[in-house]
Amino acid sequence: MIISLTNQKGGVSKTSTTANLGAGLERMGFKVLLIDWDEQGNLTRHFGVTDPDFTIIEGLLDDEKFVPYSIKEDRLMLMASDPKLSQFDKLFMDQIVGGHLVLKNKLEDLKVKEKFDFILIDCAPGQGLRNMNAYVASDFLLVPIEAHSFSKVGLEQVVSLIQELVKNKANENLNVAGIFFTRHNSKTVISRSYIDSMAEEYSDLPIYNTVIRENVNIKEASEVGKSIFDYVDEYEIVNSNGANDYYNFVLEFLEVLDIEPRTNFSLPVAKPKRMKAKPVATSSNNDTPEEAPAKETKKVRKAGKEDVAKGFKDFMKNE
Ligand SMILES: Nc1ncnc2c1ncn2[C@@H]1O[C@H](COP(=O)(O)OP(=O)(O)OP(=O)(O)O)[C@@H](O)[C@H]1O
Ligand SMILES: [Mg+2]
């Protein structure tokens, strides 16, 4: 199934969520393709790809160049992007019929949907022909809303967007896979009761219980080219709010779609406390040995580019 991560507003965690949802789904046993649909290339950089051989715009123009990168073998792959994607409107706007069908037709022609359980499209902020292509190609929209904006604007836009697409028969099957709040912090005014009242008002939309908190690990992971899950594994970070929230988010996403995880995956948990060496018993020392505090280790950061296995040229031959 194809899911577009979208919100007209910038900086609300569309890209972070695409990366971490994709990585979480892969860990839960699914095959996932991520499409960077933003000329900023943030999703591409999120996985440490800095100089892609092929990008999505080249793939749209030439089937031979529709070559996703392998992030984790053929189970987590990425169609990269770079500033050339900004030429999309110029290239396809003048098409007499079907300027909004370019992505949908390409994914169908190359049978991309059949090769993956989930295709996640990381939309650019704003609207326009390019994002319309993503919505027309999608089965679902997934909409992050910044918790401190304290507004229903994102929700209302999504509702009217879907109504418009259905009315114009551009995509009558489009649904919402989730509305969720991101970047929650202690200064945020949003409260549980506010989310509950919103869920009541929009009872036909899945508003998630999981709220993604503001957490530095989410930013750090993207800076070293990793998903939050690989990041906390590699740097042995336990009890990361970012990892916990995205873990719950992936589970809630699957629950809404009524899909069971295929594998068990759990986050690193605090190691059992180590006992100090037993003191030599003396007549004056019968106390229980003290427990050493569990240590949170955080290794030095290093660039993640070498972790990205480049190319997957056999992709086209795998039908
Ligand atoms: N929960 C979070 N905690 C801390 N930092 C976050 C969180 N979510 C996102 N960020 C950081 O905020 C910035 C914007 O996030 P992101 O790129 O995911 O948003 P976006 O909606 O894709 O933005 P754009 O509209 O520009 O595409 C990034 O630097 C990201 O690392
Ligand atoms: Mg983005």
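As shown above, the structure is provided for reference.
Residues numbered from 1 in each chain as written. Chains lettered and ligands numbered in written order. Predicted model: local features only at pLDDT ≥ 70, side-chain atom pairs only at ≥ 80, totals over all residues. Heavy atoms only, no water.

Regarding the pattern of salt bridges
Opposite charge on two side chains makes pairing possible when the charged atoms of those side chains draw close.
Next up, step 1: For the coordinates displayed, the defined rule picks out 19 salt bridges.
Next up, step 2: Residue Asp-74 is joined to Lys-31 by a salt bridge in which the shortest nitrogen-to-oxygen separation is 3.5 Å. Highlighted residues: Asp-74 in the loop between β3 (69–72) and β4 (76–79) and Lys-31 in the loop between α1 (14–27) and β2 (32–37), separated in sequence by 43 residues.
Next up, step 3: Classification of Asp-74 as partly exposed rests on a relative accessible area of 29%.
Next up, step 4: Under the relative-accessibility criterion, Lys-31 is labelled partly exposed at 29%.
Next up, step 5: Between Glu-39 and Arg-130 there is a salt bridge, with its nearest N and O atoms 2.6 Å apart. Separated by 91 residues along the polypeptide, Glu-39 in the loop between β2 and α2 (42–46) and Arg-130 in helix α7 (residues 129–137) bring together distant segments of the chain.
Next up, step 6: According to the relative accessible area criterion, Arg-130 is buried, its value standing at 13%.
Next up, step 7: Salt bridges sharing common partners tie together Glu-26, Arg-27, Lys-72, Glu-73, Arg-75, Asp-230 and Asp-233. (Salt bridge = Lys/Arg side-chain N within 4 Å of Asp/Glu carboxyl O. Helix = DSSP H or I, 4+ residues; strand = E, 2+ residues; numbered from the N terminus. Buried < 20%, exposed > 50% of the residue type's maximum accessible area, 1.4 Å probe, protein only.)

Things to note about unusual backbone geometry
Next up, step 1: Positioned with a positive phi, Ser-13 is a non-glycine residue whose angle comes to about 85°.
Next up, step 2: Within the secondary structure, Ser-13 sits in the loop between β1 (2–5) and α1.
Next up, step 3: By relative accessible area, which is 14% here, Ser-13 ends up buried.

Details of the sheet that holds β2
Strands pair in a sheet through their backbones, by hydrogen bonds, and they do so in one of two ways: parallel or antiparallel.
Next up, step 1: In spatial order, the strands read β3-β4-β2-β5-β1-β6-β7; together these seven strands make up an open sheet with mixed pairing. Bordering the open sheet on either side are β3 and β7 (175–182), each of which pairs with just one other strand. Across the sheet, the mean angle separating the axes of adjacent strands is 20° when strand polarity is ignored.
Next up, step 2: Alignment of β2 against β4, held across four bridges, turns out to be parallel. Pairing of Val-32 across the sheet is with Leu-76, part of β4.
Next up, step 3: The strands touched by helix α12 (residues 241–256) are β1, β5 (118–123), β6 (140–146) and β7; relative to β7, the strand with the most contacts, the crossing angle is about 155°. (Pairing = 2+ DSSP bridges. Axes fitted to C-alpha atoms, helices over the stretch in contact; angles between N-to-C directions. Contact = heavy atoms within 4.5 Å.)

Points about the site of ligand 1
Next up, step 1: Residues in close proximity to ligand 1 total 19 residues, the closest being Lys-14, Thr-15, Ser-16, Asn-215 and Lys-219.
Next up, step 2: At a separation of 2.9 Å, an oxygen atom of ligand 1 approaches a polar backbone atom of Gly-11.
Next up, step 3: A distance of 3.3 Å separates an oxygen atom of ligand 1 from a polar side-chain atom of Gln-40.
Next up, step 4: For ligand 1, whose free accessible area comes to 620 Å², the fraction covered by protein is 87%.
Next up, step 5: Elements that contribute at least two residues to the shell around ligand 1 include exactly α1 and α10 (216–223).
Next up, step 6: Along the lines of polarity and charge, the residues of the shell around ligand 1 split into four nonpolar, eight polar and seven charged. (Near = heavy atom within 4 Å. Polar contact = N/O pair within 3.5 Å; in protein donor to acceptor, adjacent residues only side chain to side chain. Areas by Shrake-Rupley, 256 points an atom, 1.4 Å probe, with all protein chains shown as cover. Nonpolar A, V, L, I, M, F, W, Y, C, P; charged D, E, K, R; others polar.)

Looking at α1
Next up, step 1: The end-to-end C-alpha separation of α1 is 20 Å, in line with the 20 Å expected for 14 residues at 1.5 Å each.
Next up, step 2: In terms of burial, α1 is a largely internal element, 14 of the 14 residues being buried.
Next up, step 3: Where α1 terminates, the next one or two residues include Gly-29, which has phi positive at roughly 100°. (Expected span 1.5 Å × (residues − 1).)

Describing the side chain of Thr-15
Next up, step 1: Looking at the secondary structure, you find Thr-15 in helix α1.
Next up, step 2: Sequence-distant contacts of Thr-15, that is, excluding residues within four places in its chain, are made with Asn-42, Leu-43 and Asp-122.

Considerations on the environment of Ser-227
Next up, step 1: Counting through the fold element by element, Ser-227 comes out in the loop between α10 and α11 (228–234).
Next up, step 2: On a C-alpha basis, the gap between Ser-227 and Ser-16 in space is 8.5 Å, while along the polypeptide they are 211 residues apart.
Next up, step 3: When near neighbours in sequence (up to four residues on either side) are disregarded, Ser-227 contacts Asn-20, Ala-23, His-46, Phe-47 and Ala-221.

So, the nonpolar core
Next up, step 1: Grouped together as the largest cluster of nonpolar side chains are 46 residues, with contacts concentrated most on Ile-35 and Trp-37.
Next up, step 2: In terms of residue count, the dominant contributor to this core is helix α8 (residues 153–167) (five residues).
Next up, step 3: Of all hydrophobic cores here, the second largest spans 45 residues; its members include Phe-180, Ala-221, Tyr-231 and Phe-249. (Core = buried A, V, L, I, M, F, W, Y, C linked by side-chain atoms within 4.5 Å.)

Some thoughts on empty space enclosed by the protein
Next up, step 1: Under the definition given, this model contains two cavities of 30 Å³ or more.
Next up, step 2: In this structure, the largest cavity encloses a volume near 60 Å³.
Next up, step 3: Around the largest cavity, the lining residues are Thr-6, Asn-7, Gln-8, Gln-127, Tyr-135, Val-143, Gly-154, Gln-157, Val-158 and Leu-161.
Next up, step 4: Per-element accounting of the lining of the largest cavity gives the leading share, four residues, to α8.
Next up, step 5: Along the lines of polarity and charge, the residues of the lining of the largest cavity split into four nonpolar, six polar and no charged. (1 Å grid on protein atoms, 1.4 Å probe; cavity = no way out; pocket = protein on both sides within 12 Å on 5 of 7 lines; lining within 4 Å. Points joined across faces, edges and corners; volume = space filled by probe spheres on them.)

Some points on the pairing of β1
Next up, step 1: Burial along β1 is two-sided: the face carrying Ile-2 and Ser-4 and the face carrying Ile-3 and Leu-5 are both buried.
Next up, step 2: Note: β1 against β5, four bridges, orientation parallel. Looking at the pairing, Ser-4 lines up with Ile-121 of β5.
Next up, step 3: Both β1 and β6 contribute to a ladder of three bridges, which runs parallel. Counterpart to Ile-3 in the pairing with β6 is Phe-140.

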